[in-house]
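# Inside the fold
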Amino acid sequence: MKKSDYKLLGVMSGTSLDGIDVAVVEFSFHEKINYKILKAETIQYTPYWKKKLSEAINFSEADLQELNLEYTSYLAEVLNNFIEKNKVEGLDAICSHGHTIKHEPQKRYTLQIGNYRQLAELTGHTVVCDFRVQDVELGGQGAPLVPIGDRLLFPEFDFCLNLGGFANISTEVNNQRIAYDICAVNTVLNFYAQKLDMEYDEGGKIAASGEFKEELFNELNRLSFYSEKPPKSLGMEWVNSEVFPLLKQYEDHIPSLIHTYSKHVAFQISEVVKYSEGVKVLVTGGGAFNDFLIDELKKISNAEFVLPSEALINFKEALIFAFLGALRLRGENNVLKSVTGAEKDHSSGRIYNP
Ligand SMILES: Nc1ncnc2c1ncn2[C@@H]1O[C@H](COP(=O)(O)OP(=O)(O)OP(=O)(O)O)[C@@H](O)[C@H]1O
Ligand SMILES: CC(=O)N[C@H]1[C@@H]2OC[C@@H](O2)[C@@H](O)[C@@H]1O[C@H](C)C(=O)O
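All figures in this text were calculated on a predicted structure; none of them were measured in a lab.

## A look at the site of ligand 1
Around ligand 1 sit 17 residues in total, of which Ser 16, Gly 165, Asn 190, Gly 203 and Gly 286 are the nearest. Take Thr 15: an N or O atom from its side chain is 3.5 Å from an oxygen atom of ligand 1. Within the side chain of Asn 190, one N or O atom sits 2.7 Å away from an oxygen atom of ligand 1. When ligand 1 sits alone it has 650 Å² of accessible area, and the protein chains cover 77% of it. Taken together, the residues that form the shell around ligand 1 break down as 2 nonpolar, 12 polar and 3 charged. A domain split of the shell around ligand 1 shows at least three residues from each of domain 1 (5–142 + 314–352) and domain 2 (159–302).

## Section: the side chain of His 259
With respect to the secondary-structure elements, His 259 resides in helix H10 (residues 254–272). Apart from residues no more than four positions distant in its own chain, His 259 is found in contact with Ala 207, Gly 210, Glu 211, Phe 212 and Phe 292.

## Side note on the site of ligand 2
Looking at ligand 2, the residues that line it are Met 12, Thr 15, His 97, Thr 100, His 103, Arg 132, Ala 143, Pro 144, Leu 145, Val 146 and Glu 317. A distance of 2.8 Å separates an oxygen atom of ligand 2 from a polar backbone atom of Leu 145. A class-by-class count of the residues in the shell around ligand 2 yields 5 nonpolar, 4 polar and 2 charged.

## Some points on the UniProt feature "coiled-coil region" (unreviewed entry) in the protein
Here, UniProt's "coiled-coil region" (unreviewed entry) annotation points to residues 50–77. Each end of residues 50–77 is marked by a C-alpha atom, and these two atoms are 17 Å apart; helix forms 82% of the span and strand 0%.

## A look at unusual backbone geometry
A cis amide bond links Ala 143 with the next residue in sequence, Pro 144, at an omega value of -10°. The residue Pro 144 is located in the loop between helix H4 (133–137) and helix H5 (147–153) in this model. That bond from Pro 230 to Pro 231 is cis: its omega, 0°, falls within 30 degrees of zero. Although it is not a glycine, Lys 87 adopts a positive phi angle of roughly 50°. When you line up the elements, Lys 87 lands in the loop between helix H2 (61–85) and strand S4 (93–96). What makes Lys 87 exposed here is its relative accessible area of 68%.

## Some thoughts on the domain arrangement of the protein
Looking at the protein, the domain boundaries give domain 1 (5–142 + 314–352) and domain 2 (159–302). Once you take the C-alpha centre of each, domain 1 and domain 2 turn out to be 28 Å apart. Counting residues at the interface gives 6 residues for domain 1 and 9 residues for domain 2. Here domain 1 and domain 2 share an interface that buries about 540 Å² over both sides, 59% of which is from carbon and sulfur atoms. When residues of domain 1 are sorted by the area they lose upon contact with domain 2, Lys 316, Ser 338 and Val 339 head the list and together hold 68% of the total. Mapped by element, the contributors of at least two residues to the side of domain 1 that touches domain 2 are helix H12 (310–329) and helix H13 (337–340).

## Quick look at the pattern of salt bridges
Applying the stated criterion across every chain yields a total of 15 salt bridges. Between Glu 55 and Lys 51 there is a salt bridge whose closest N-O contact spans 3.2 Å. In this pair, Glu 55 and Lys 51 both sit in helix H1 (residues 47–55), 4 residues apart, roughly one turn of the helix. For Lys 248, the salt bridge is made with Glu 251, and the minimal N-O distance between the two is 3.6 Å. Looking at Lys 248, the relative accessible area reads 54%, which means it is exposed. Note on Glu 251: relative accessible area 24%, which makes it partly exposed. Because the salt bridges share partners, they merge into one network encompassing Lys 2, Arg 330 and Glu 332.

Parameters and conventions
Residues numbered from 1 in each chain as written. Chains lettered and ligands numbered in written order. Predicted model: local features only at pLDDT ≥ 70, side-chain atom pairs only at ≥ 80, totals over all residues. Heavy atoms only, no water. Near = heavy atom within 4 Å. Polar contact = N/O pair within 3.5 Å; in protein donor to acceptor, adjacent residues only side chain to side chain. Areas by Shrake-Rupley, 256 points an atom, 1.4 Å probe, with all protein chains shown as cover. Nonpolar A, V, L, I, M, F, W, Y, C, P; charged D, E, K, R; others polar. Domains from an automatic or database assignment. Helix = DSSP H or I, 4+ residues; strand = E, 2+ residues; numbered from the N terminus. Contact = heavy atoms within 4.5 Å. UniProt positions renumbered as here; feature names shortened; annotations may be inferred. Buried < 20%, exposed > 50% of the residue type's maximum accessible area, 1.4 Å probe, protein only. Buried area = accessible area lost by both parts, 1.4 Å probe. Salt bridge = Lys/Arg side-chain N within 4 Å of Asp/Glu carboxyl O.

Shown next as structure tokens:
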């Protein structure tokens, strides 16, 4: 018989390189799946690791192997410290994403480092990792993996919206989960906030101090990506070639640029969730703390935007990687072909015992 209760460590290192998100999560699989985040923390990267990880894309095969081993040991040390400091006991497994260095699904190749067997040996725990590899081997994009968590852990929401570097959303259409990117958010807002010597637009205060530039707003909304049908995704290449050139001529008044861009983000999101009144949207990712953006969304859309606890806003991805691990340990599907394009739904992730 399958176990019904799990205590897991979910571990995620995202593209923004801010640090390693770690969450201790309990799951119970009964009629309903319940979860509880017991403890969570982001362990900031040192300048050494920030630099190494951002340069690694250009490393030779031999250097990458060395880096992979070094990062695996470093990750083990970080996790051991976290476990010791927080007196975490009774863990069933560590479920770790690792850090993406290369992602070329069209070549059936994706590399997340930190997923060597040594992670199990050095931590003394069972490890579930390498969640993306099997999906690209099955012809999928290897991403996004979060939507199955959206479906099974947050069924009461019509949409799960993440406001990170880009805004992405997942929802159910004809009993199929679909997920796609909407527009760039913090990649653009941070870039301009940093020109004013701020890391980001804290609470949307810069936006609130600016004025609305209607012409810019209209130009942004005319970008052809917005009329494409999902599934679709965005990268920095698009921001550099399509978005920054439109913003350039407004750089002499950055608060108004940020004000207008934030309204643009709210408008594009409202276009996606506008179907009918009473639609519930779960909002996570750092952009959930941007009050100007959230107020604007609430103003222009009929949908109900729900801001959960800070732990969920910040650690939803770590929670969901723990969940993917739980599904893998149970031998249940944890990747959906409807979002990755793989041949079939499947149960992905390597399991290493210590
Ligand atoms: N208090 C705040 N006010 C406004 N914006 C905030 C606040 N806190 C965080 N943010 C924004 O959120 C960003 C971090 O969010 P998050 O960690 O979700 O991004 P990410 O890891 O780059 O996301 P993803 O990998 O999902 O694209 C910050 O760079 C900043 O732009
Ligand atoms: C290959 C890879 O690491 N992709 C990440 C990345 O970061 C955001 C976006 O691009 C998303 O597609 C994915 O991560 C999330 C957690 C996912 O798989 O759902």
